[in-house]
Amino acid sequence: MIRLAGIVISIGLADSLNPTTIGPALYLASGEQPREHVARFMVGVFLVYLLGGAIIALGPGQLLLSLVPHPDAAGRQGLEVGVGAVLLIVGGLVWRNRHSLADREVPRFVREPQGRSSTLLGAMIMAVELPTAFPYFAAIAAVVGSGIGVLRQLMLLLLFNVCFVLPLLCILGTLWVAPDRAQERLSRARLFLHRHWPRLLGGLMLLAGVFIVLMGATGLAGHAHGRV
C-alpha cells in the first residue's frame, strides 16, 4: 500500500502542473468573487476527474483484473516498470515539444472563463481532458493491477486527485491568506506558467517515471534474488 501511495502521489503531483486547470483558475482568481469562483472550479475539476477514474477502475479495470485475479509480486512490480515507462514516454514527448507547446495559443474559453458557471467550467474541462489523461491512466493501471480491494483502490484514486488539485488549493490559499497581494503574485504565476509549463510538466513526468521504474526494477531484482 505504501509503494502504491508513493506511485500515485508522484504521478498526481507531476500531472497537477496542467495548464488546462491552472490557467482558468488563475484567470478566475483575477475576477470578481475570486475565492468563490476558484473554489467552485476546483470542485468541478475534482469531482469529474475522481468520478471518471473510479468508473474506469471499477468498470474496464476490474474486467481486465478478472483475467488475472491474483497477480504475484513479480507481476505487480513489472506493472510498475510499465507505468514508469509510460510516464517517461509522455514526459519525453512533452519535453521534446516544449517550445511549440509554449507558443501554442490557449483556447479562449480557458483564457477567459468569465460568464460561465465555475463548477461547470471545471467539470467540462476535465470531461474533455479525461480521454487523453495518460498519466492518470497509468496511475489507475498501477492501482487496479495491484490486486488490492476496491475500497483501497478508491482511496488511492482519491489521494491522486487531492495531489492533482494541489496547485488549485495553493491558488485558493493565496486568495485567503494574502488577499491584498494575491493579484500581483498570481499574475506573476500566470506569466511564468504560460512561458514554462511544458518544461515543468515534462520534467516532473520524467522524474516521476524514473522514480517509478526504479521502484519496480529494484522490487523485481529483490524478488529474483529471493528465488535464487
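The rules behind each value
- Residues numbered from 1 in each chain as written.
- Predicted model: local features only at pLDDT ≥ 70, side-chain atom pairs only at ≥ 80, totals over all residues.
- Heavy atoms only, no water.
- Helix = DSSP H or I, 4+ residues; strand = E, 2+ residues; numbered from the N terminus.
- Buried < 20%, exposed > 50% of the residue type's maximum accessible area, 1.4 Å probe, protein only.
- Contact = heavy atoms within 4.5 Å.
- Areas by Shrake-Rupley, 256 points an atom, 1.4 Å probe, with all protein chains shown as cover.
- Phe/Tyr/Trp six-rings, centres within 6.5 Å; stacked < 30°, edge-to-face > 60°.
- Lys NZ or Arg CZ within 6 Å of the ring centre and 35° of its normal.
- Patch = residues over 30% accessible without salt bridge, like charges linked within 9 Å, V, L, I, M, F, W, Y side chains within 5 Å.
- Salt bridge = Lys/Arg side-chain N within 4 Å of Asp/Glu carboxyl O.
- pLDDT = per-residue confidence, 0-100.
- Core = buried A, V, L, I, M, F, W, Y, C linked by side-chain atoms within 4.5 Å.
- Expected span 1.5 Å × (residues − 1).
- Arc of directions from axis to C-beta.
- Axes fitted to C-alpha atoms, helices over the stretch in contact; angles between N-to-C directions.
- Parallel < 35°, antiparallel > 145°, perpendicular 65-115°, else oblique.
- Left-handed = near helix turned anticlockwise from the far one by under 90°.
- Nonpolar A, V, L, I, M, F, W, Y, C, P; charged D, E, K, R; others polar.

Draft legend 1. Representation of the overall build of the protein chain in the model. Assigned secondary structure in the protein chain consists of 11 helices and 0 strands. In the protein chain, the order of α-helices and β-strands from amino to carboxyl end is α-α-α-α-α-α-α-α-α-α-α. Relative to its 228 residues, the protein chain shows a buried fraction of 42%. Considering only intrachain contacts with a sequence separation of at least 6, the fraction spanning at least 24 residues in the protein chain is 86%. Counting every atom, the protein chain has about 11900 Å² of accessible surface; 69% of that belongs to carbon and sulfur.

Draft legend 2. Representation of the packing of aromatic side chains. If you walk through the whole model with that rule in mind, you get 6 aromatic pairs. Note on Tyr49 and Tyr136: the rings are 4.3 Å apart at their centroids and 35° apart in plane angle, and the pair reads as tilted. Taken as a pair, Tyr49 in helix 3 (residues 34-65) and Tyr136 in helix 8 (residues 134-145) lie far apart in primary sequence, 87 residues in all. Of the two residues examined, Tyr49 and Tyr136, each falls in the buried class. Each member of the aromatic cluster is reached from another via a ring pair, and the members are Tyr49, Tyr136, Phe160 and Phe164. Its end group placed over the ring of Trp176, Arg35 keeps NZ or CZ at 4.2 Å from the ring centre.

Draft legend 3. Spatial organisation of a nonpolar patch on the surface. Together, Ile9, Leu13, Leu166 and Leu169 make up a nonpolar patch on the protein surface, roughly 280 Å² of accessible area in all. Mapped by element, the contributors of at least two residues to the nonpolar patch are helix 1 (2-16) and helix 10 (166-177). Locating Leu166 in the fold gives a position in helix 10. By relative accessible area, Leu166 is classed as partly exposed at 37%.

Draft legend 4. Summary view of the confidence of the model for the protein chain. For the protein chain, the mean per-residue pLDDT works out to 76, and 74% of the residues sit at or above 70. Averaged over each element, pLDDT in the protein chain is lowest for helix 6 (residues 108-111) (53) and highest for helix 9 (residues 150-164) (91).

Draft legend 5. Examining the nonpolar core more closely. Grouped together as the largest cluster of nonpolar side chains are 52 residues, with contacts concentrated most on Ile11, Phe41, Tyr49, Tyr136, Phe160, Leu168 and Ile171. Residues in contact with Phe160, not counting those within four places in the same chain, are Val8, Ile11, Gly12, Asp15, Tyr49, Tyr136 and Ala139.

Draft legend 6. Representation of helix 9. Between its first and last C-alpha atoms helix 9 spans 21 Å; for 15 residues at 1.5 Å apiece the expected length is 21 Å, and the two agree. Within helix 9 the residues assigned to the buried category are Gln153, Leu156, Leu157, Phe160, Asn161, Cys163 and Phe164. Here the buried residues of helix 9 occupy an arc of 155° about the axis, which is enough to place them on one side.

Draft legend 7. Just the environment of Ile125, in detail. Inspection of the secondary structure assignment puts Ile125 in helix 7 (residues 118-129). Separated by 77 residues in sequence, Ile125 and Val48 place their C-alpha atoms 9.2 Å apart.

Draft legend 8. Region of interest: the packing of helix 1 against helix 9. It is the contact of helix 1 with helix 9, at a shortest axis distance of 7 Å, that shows an interaxial angle of 30°. In terms of orientation, helix 1 and helix 9 fall into the roughly parallel class. In the crossing of helix 1 with helix 9, the sense of the turn from one axis to the other is right-handed. Residues Leu4, Ala5, Val8, Ile9, Ile11, Gly12, Leu13, Asp15 and Ser16 of helix 1 touch helix 9, and the partners they reach there are Leu156, Leu159, Phe160, Cys163 and Phe164. Residue composition of the contact of helix 1 with helix 9, grouped by class: 11 nonpolar, 2 polar and 1 charged.

Draft legend 9. Helix 7, seen in detail. Relative to the 16 Å expected for 12 residues at 1.5 Å per residue, helix 7 spans 17 Å between its end C-alpha atoms, a close match to the ideal helical length. Looking only at helix 7, the buried set comprises Ser118, Leu121, Gly122, Ala123, Ile125, Met126 and Glu129.

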